[in-house]
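A look at the structure
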Amino acid sequence: MKFCSFSSGSDGNCYYIGTDTCGILIDAGISVKAIKKNLEKIGTSIQKIYAVFLTHDHYDHIASVGTLGEVYHIPVYSTCEILNGVNRCYKVTEKLYGCRHYQSKGETVEIGDIQITSFQVYHDSSDCVGYYIEQKGVPKNNITIATDLGYINNEAIPFIIKANNIVIESNYDEEMLLSGPYPLFLKQRILSKSGHLANHITATFLAENNQDNWKRIFFCHLSNKNNTPERVESIVKSKYDGCMIDEKSRPQFIILPRTKPIEPVNL
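Every value quoted in this text rests on a predicted model; they were computed, and no experiment measured them. (Residues numbered from 1 in each chain as written. Predicted model: local features only at pLDDT ≥ 70, side-chain atom pairs only at ≥ 80, totals over all residues. Heavy atoms only, no water.)

Looking at helix α9 (residues 229-242)
Operational definition: A run of DSSP states H or I qualifies as a helix once it reaches four residues; a run of E qualifies as a strand once it reaches two. Both are numbered from the N-terminal end. For a helix, the expected span equals 1.5 Å multiplied by the residue count minus one. Three labels apply to residues, based on accessible area from a 1.4 Å probe with only protein chains included: buried if under 20% of the type maximum, exposed if over 50%, partly exposed otherwise in between. Think of the arc as the fan of directions from the helix axis to the C-beta atoms. Every residue pair with non-hydrogen atoms within 4.5 Å of one another is taken to be in contact.
Compared with the 20 Å implied by 1.5 Å per residue over 14 residues, the 20 Å span of α9 between its first and last C-alpha is a close match. Listed in full, the buried residues belonging to α9 are Val232, Val236 and Tyr240. The buried residues of α9 occupy an angular sector of 55 degrees when projected down its axis, which confines them to one face. In α9, the exposed positions angled more than 90 degrees off the buried face are occupied by Glu230 and Gly242. On its buried face, α9 sits against α8 (199-208), β12 (216-220) and β13 (252-255). With its phi angle positive at about 60 degrees, methionine 244 sits one or two positions after the end of α9.

In structure tokens, the structure reads:
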């Protein structure tokens, strides 16, 4: 099973997960043109995308989902609240009708040989979920995606702990946010339990709960104005050092670019 981030940030979010037989997208916050181009770069095509799964209904996660669903006839899965939220978004001109498929939190959906289980996370959207994804028959080929969460909630923790690969938000550096140009109401929104995850919160959780089964941690959704890859790297190293975890016992840390694809990773 392969993982590839096409884009990760407020300008658009889209992740690909695929096997030799099929692929899925987690979110579709970039253009269809960009998705098709990125798929071709990794040796596949939009015809091999069997489903799109949405984490929530903010535009940077849903920009092209209507076209994928209604024009390309790709099934779109999420909770009823999220799918309804997509149709309320005035920026989404192609609404979801025939492509809608409901997935309750905790339910596992099978797409080809890929199994996708959703779980609750908290963010200021109509609803918000994360996903635990594994290849059928290959249980160690798995990944948890937990992006856009105000805090690391109890429903998400078991899926983070048991995953071999984790995509987790590290949105902002608190010092940069507090001293930065955002208005007070926006700072308060980001800092809230329905906002985004700070670097030190993510890093502390990972270091204090480090697991031998963790292979890779992908840090996602970095803020353009309130964070840098260097700040993420520094705080993660500091927290792991503080927990006396030597480098050989640490997973690989990968910071996802905001607007560029990464090379596909074999999970």
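Brief notes about α8
What α8 keeps buried is the set Asn199, Thr202, Ala203, Phe205, Leu206 and Ala207. The inward-facing, buried residues of α8 abut α5 (157-162), β11 (165-169), β12 and α9.

Things to note about the environment of glutamate 174
Examined against the element boundaries, glutamate 174 turns out to sit in helix α6 (residues 174-179). The class for glutamate 174 is partly exposed, based on a relative accessible area of 33%. Distance from glutamate 174 to glutamine 252, taken between C-alpha atoms, is 24 Å for residues 78 residues apart in sequence. Not counting residues up to four positions away in its chain, the partners in contact with glutamate 174 are Leu191 and His200.

Observations regarding the sheet that holds strand β7 (residues 108-111)
Quick note on the threshold: When DSSP finds two or more bridges between two strands, those strands count as paired. Here an angle of 0 to 180 degrees is reported between the N-to-C directions of two axes, which are lines fitted to C-alpha atoms, with helices fitted over the stretch in contact.
Spatially, β7-β8-β9-β10-β11-β12-β13 is the arrangement adopted by the seven strands of the open sheet, whose pairing is mixed. Single-partner strands in this sheet number two, and they are β7 and β13. Put simply, the sheet's adjacent strands are angled 20 degrees from each other on average, direction ignored. Judged from the five bridges that link them, β11 and β12 form a sheet pairing that is parallel. Bridge pairing links valine 167 to phenylalanine 218 in β12. Along the sheet face, α9 touches β12 and β13 and points at about 160 degrees away from the line of β13.

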